[in-house]
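Here are the chains, one letter per residue:
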Amino acid sequence: MISSVKFSGSDVIEDVCLPFSEGLNVITGETGTGKTVLINLLGYTLGFPLQIPFFLKKGQVEVHFSQGQEEYVVKLQLGGSRRTLELNSQRVGKKQLRTLFQNRVILSSQFDSKILESSEQILSVLDSFAGLGDLHNTYISVFGKLSEVDNSLRRLTEQLSQSAKVRESLQSELEELRAFGPKEGEYEELKSLLLKISEKEHITEARRQVVEILQEESPFYEGLKSLRAALSSLSMFYEDASTTLRLVDELRRTLETLKSGSEELEVNQSNVDEINERLFKYEKYFRRYGFGESSIIGRIHQLEAELQQIDNLPDRLEELSKSREMLKSQLIAAGLELAKRRRNAVERALADMQMFLRETNVEGDFSWQWVPTENSSLGLEIPQIGMVRSGQFVPASALSGGEKNRLLLAFRVVFSFPNSVLIFDEPDAGLGGETLSRLVNLLKRVSENRQIILITHNPQVAAAAKSHFLVERILNDDKMRVKINLLQGQRRIHEVAKMIAGQYVTATTLELASELVNRLSGGEPFGEVYTGD
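Reading the values: rules and limits
Residues numbered from 1 in each chain as written. Predicted model: local features only at pLDDT ≥ 70, side-chain atom pairs only at ≥ 80, totals over all residues. Heavy atoms only, no water. Pairing = 2+ DSSP bridges. Helix = DSSP H or I, 4+ residues; strand = E, 2+ residues; numbered from the N terminus. Axes fitted to C-alpha atoms, helices over the stretch in contact; angles between N-to-C directions. Contact = heavy atoms within 4.5 Å. Parallel < 35°, antiparallel > 145°, perpendicular 65-115°, else oblique. Nonpolar A, V, L, I, M, F, W, Y, C, P; charged D, E, K, R; others polar. Salt bridge = Lys/Arg side-chain N within 4 Å of Asp/Glu carboxyl O. Buried < 20%, exposed > 50% of the residue type's maximum accessible area, 1.4 Å probe, protein only. 1 Å grid on protein atoms, 1.4 Å probe; cavity = no way out; pocket = protein on both sides within 12 Å on 5 of 7 lines; lining within 4 Å. Points joined across faces, edges and corners; volume = space filled by probe spheres on them. Left-handed = near helix turned anticlockwise from the far one by under 90°. Core = buried A, V, L, I, M, F, W, Y, C linked by side-chain atoms within 4.5 Å. pLDDT = per-residue confidence, 0-100. Expected span 1.5 Å × (residues − 1). Arc of directions from axis to C-beta. Phe/Tyr/Trp six-rings, centres within 6.5 Å; stacked < 30°, edge-to-face > 60°. Lys NZ or Arg CZ within 6 Å of the ring centre and 35° of its normal.

A look at the sheet that holds strand E7 (residues 90–92)
So, step 1. Strand order in the open sheet formed by 6 strands is E2-E1-E4-E5-E6-E7, and the pairing between neighbours is antiparallel. Lying at the two open borders of the sheet, with one neighbouring strand each, are strand E2 (16–19) and E7. When the angles between neighbouring strand axes are averaged without regard to direction, this sheet yields 20°.
So, step 2. Note that strand E6 (residues 82–87) and E7 share 3 bridges and pair antiparallel. The partner of Leu-87 across the bridge, within E7, is Gln-90.
So, step 3. Of the strands in this sheet, strand E1 (2–8), strand E4 (58–67), strand E5 (70–79) and E6 touch helix H1 (residues 35–45), which is tilted by about 115° from E5.

As structure tokens, this is what we get:
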């Protein structure tokens, strides 16, 4: 149960510690005083996906929760745009808190009746109640894998239908590039060779001069030999002479190499045409695939790989088809098991649902129908709930607002753990007369074994509570603030009287309020019609 909720440090809500009791706790107050804001703060602190108003910029909410031997202290710290959560003095995330409290606390508002029209949300409540979360997650996992395989099969089938035309185009391109036969570094070699051919006369004359200078009897060659001999003698005494000697030797070797390679450059016009044609093709492929022989060679490898993939399409298609059959079998098995357990959980709860709805004066018989579905991550079948009237099924979406509220209340109470805390925002909205009397008696009975915290505007519900909290807006230091008080004794009687008669509270109204509180809080059933003198 939630033993206490403490608000502190806020510039909107006055500091207070609310001691909630076992059984029925009600929160009342004029419309717009902030009752729902308090419920939202409580729910947010426990990990529920609720909104906190923008005007709550600072403050702290501290919730004390216990269940059996387990005790938890949860804190929400508001600081501007920052919101931090702690569990037993350790920082935690909302997801961790939601997991911890999802079955320990049930929170529902009058606007949650849309849940009854959503198969996904109905199944979420059912799976949580029946402990089927892991089984449903297994189903979702297999469903996701099967969807991926189906998408792959569709893509492969499309590729296979177009593979003949694509293969022909790729093969033609590959043969063209293979026939061309690109080689690393060839482009620059051909450009250099073409430059040599264009400068043939100059190159021939320069080489003739080199050969002449390097003759054994030439003055240059003799001088070079003399220079080497002199440097060799000096190298024993001077380091610079040794360095120069090495340079002279390197020069001699280079000149000898040039002399030995000075053969005549043989060229004809056909060679030139071939070189120009090959350079033209290189430049064409560079524009298509990117500069460098490696880009052309890379395209050849890519084409070979793509052709191999096309050749492997039938095998890949067969492999995926087998995988699909296996996943389909797994999905059906998990779906059937999930459906069986869901149906069993619903079957066990049907009598309680029917009893709850009859006692709250909802016309007809409660009906939970299962509708087969395909290609859904929810399961092999989805639920549709409503009432059967005169042999006709009436879905929840077609019920009146009050009937939806009572159906939602029954659904959240019945499909929850027996020791979970129930938090409701105006579950009695739109009710009156005998129906409200029935609801009050039912809430009293449920609260004998479970803690209920709810917002109400009905004096009968407020009078039946074990603890009654009043939310007011007061002017404090020229600021409008929210004040929360636990009402007892005459203050509680007066508040119930105000709920009955508004501002026109009289002695008669106070007497009626006192009678309501005494009878309903004391355990006497409410709603019988008395006649007499």
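Quick word on the packing of helix H3 (residues 119–130) against helix H10 (residues 293–359)
So, step 1. Axis separation between H3 and H10 bottoms out at 10 Å; the angle between their running directions is 85°. With respect to H10, the element H3 is oriented roughly perpendicular. Here Leu-123, Leu-126, Asp-127 and Ala-130 of H3 lie close against H10, whose contacting residues are Arg-342, Ala-345 and Val-346.
So, step 2. The class makeup of the residues in the contact of H3 with H10 is 5 nonpolar, no polar and 2 charged.

Structural notes on the pattern of salt bridges
Charged atoms that come close allow side chains of opposite charge to pair.
So, step 1. Applying the stated criterion across every chain yields a total of 23 salt bridges.
So, step 2. Salt-bridge contacts for Arg-316 lead to Glu-319; the nearest nitrogen and oxygen are separated by 3.1 Å. In this pair, Arg-316 and Glu-319 are both assigned in helix H10, 3 residues apart and thus about one turn of the helix distant.
So, step 3. Of the residues examined, Glu-319 reaches a relative accessible area of 48% and is grouped as partly exposed.
So, step 4. A single salt-bridge network, built from bridges that share partners, covers Glu-173, Arg-299 and Glu-306.

A closer look at the layout of surface pockets
So, step 1. The space that makes up the largest pocket amounts to roughly 850 Å³.
So, step 2. Along the walls of the largest pocket sit 34 residues, with Phe-48, Arg-98, Ser-124, Val-125 and Arg-412 positioned nearest its centre.
So, step 3. Mapped by element, the contributors of at least two residues to the lining of the largest pocket are H1, strand E8 (105–109), H3 and helix H4 (133–180).
So, step 4. In terms of residue count, the dominant contributor to the lining of the largest pocket is H3 (7 residues).
So, step 5. Residue composition of the lining of the largest pocket, by class: 14 nonpolar, 12 polar and 8 charged.

With respect to the packing of H4 against H10
So, step 1. Two numbers describe how H4 lies on H10: the axes approach to 6 Å, and their chain directions differ by 160°. Comparing the axis directions of H4 and H10 gives the class roughly antiparallel. The two elements H4 and H10 cross, and the hand of that crossing is left-handed.
So, step 2. Its residues assigned to classes, the contact of H4 with H10 shows 26 nonpolar, 10 polar and 15 charged.

Comments concerning the sheet that holds strand E9 (residues 365–372)
So, step 1. Read from one edge of the open sheet, 3 strands run E9-E10-E11, paired in antiparallel fashion. With one partner strand each, in any of the chains shown, E9 and strand E11 (392–395) form the two edges of the open sheet. The average angle at which neighbouring strand axes cross in this sheet is 45°, direction not considered.
So, step 2. In the sheet, strand E10 (residues 381–389) pairs with E11 via 4 bridges, with the strands oriented antiparallel. Opposite Val-388, over in E11, you have Phe-393 as the bridge partner.
So, step 3. Strands in contact with H10 are E9 and E10; relative to E9, the strand with the most contacts, it is inclined by about 160°.

Observations regarding empty space enclosed by the protein
So, step 1. Scanning all chains against the criterion turns up 3 cavities of 30 Å³ or more.
So, step 2. In this structure, the largest cavity spans a volume of roughly 70 Å³.
So, step 3. Lining the largest cavity are 11 residues, with Ser-108, Ser-109, Leu-408, Phe-424 and Pro-427 sitting closest to its centre.
So, step 4. Contributions of two or more residues to the lining of the largest cavity are made by E8, helix H11 (401–414) and strand E12 (421–425).
So, step 5. Here the residues of the lining of the largest cavity sort into 4 nonpolar, 4 polar and 3 charged.
So, step 6. The wall of the second largest cavity is formed by Val-5, Phe-7, Leu-18, Phe-20, Ile-27, Leu-38, Ile-39, Leu-42 and Ile-453.
So, step 7. Here the lining of the second largest cavity takes 3 residues from H1, the largest share from any one element.

Examining the side chain of Ser-4
So, step 1. Along the chain, Ser-4 falls in strand E1.
So, step 2. With residues near it in sequence (within four places) discarded, Ser-4 still touches Cys-17, Leu-18, Phe-20, Glu-62, Val-63 and His-64.

Regarding the nonpolar core
So, step 1. Ranked by size, the top nonpolar core spans 57 residues in total, and within it Met-353, Trp-368, Phe-411 and Phe-415 carry the most contacts.
So, step 2. Per-element tally for this core: the top contributor is H11, with 7 residues.
So, step 3. Core analysis: the next-biggest nonpolar cluster, separate from the first, contains 42 residues, Leu-85, Leu-100, Val-105 and Val-421 among them.

Observations concerning unusual backbone geometry
So, step 1. Notably, Asn-88 is not glycine yet its phi reads approximately 50°, a positive angle.
So, step 2. Secondary-structure assignment places Asn-88 in the loop between E6 and E7.
So, step 3. We classify Asn-88 as partly exposed; its relative accessible area is 37%.

A word on the confidence of the model for the protein chain
So, step 1. Within the protein chain, residue pLDDT values average 88, and 93% of them lie at 70 or more.
So, step 2. Across the protein chain, strand E3 (residues 24–28) holds the top mean pLDDT of 96, while helix H6 (residues 200–213) sits lowest at 70.
So, step 3. For residues 523–533, every residue scores under 50 in pLDDT, and the model assigns this stretch 13 contacts once sequence neighbours within four places are set aside.

Describing helix H7 (residues 219–234)
So, step 1. The end-to-end C-alpha distance of H7, which contains 16 residues, comes to 22 Å, matching closely the 22 Å that a straight helix rising 1.5 Å per residue would cover.
So, step 2. Every buried residue of H7 is listed here: Tyr-221, Leu-224 and Leu-231. Angularly, the buried residues of H7 cover 85° about the axis, an arc narrow enough to put them on a single face.

Section: the packing of aromatic side chains
So, step 1. According to the stated counting rule, one finds 17 aromatic pairs in the structure shown.
So, step 2. Each ring, one from Phe-20 and one from Phe-469, has its centre 4.8 Å from the other, and the planes form 50°; the classification is tilted. In this pair, Phe-20 is assigned in the loop between E2 and E3 and Phe-469 in strand E14 (residues 467–476), connecting sequence segments 449 residues apart. The two residues Phe-20 and Phe-469 agree in class, both being buried.
So, step 3. Here the aromatic rings of Trp-368 and Trp-370 are separated by 5.8 Å at their centres, their planes lie at 45°, and the arrangement is tilted. The exposure classification of Trp-368 matches that of Trp-370, with both residues buried.
So, step 4. Counting every residue linked through ring pairs, the aromatic cluster contains Phe-180, Tyr-187, Tyr-282, Tyr-285, Phe-286, Tyr-289 and Phe-291.
So, step 5. A cation over a ring is seen here: Arg-83 above Tyr-44, with NZ or CZ 5.6 Å from the ring centre.

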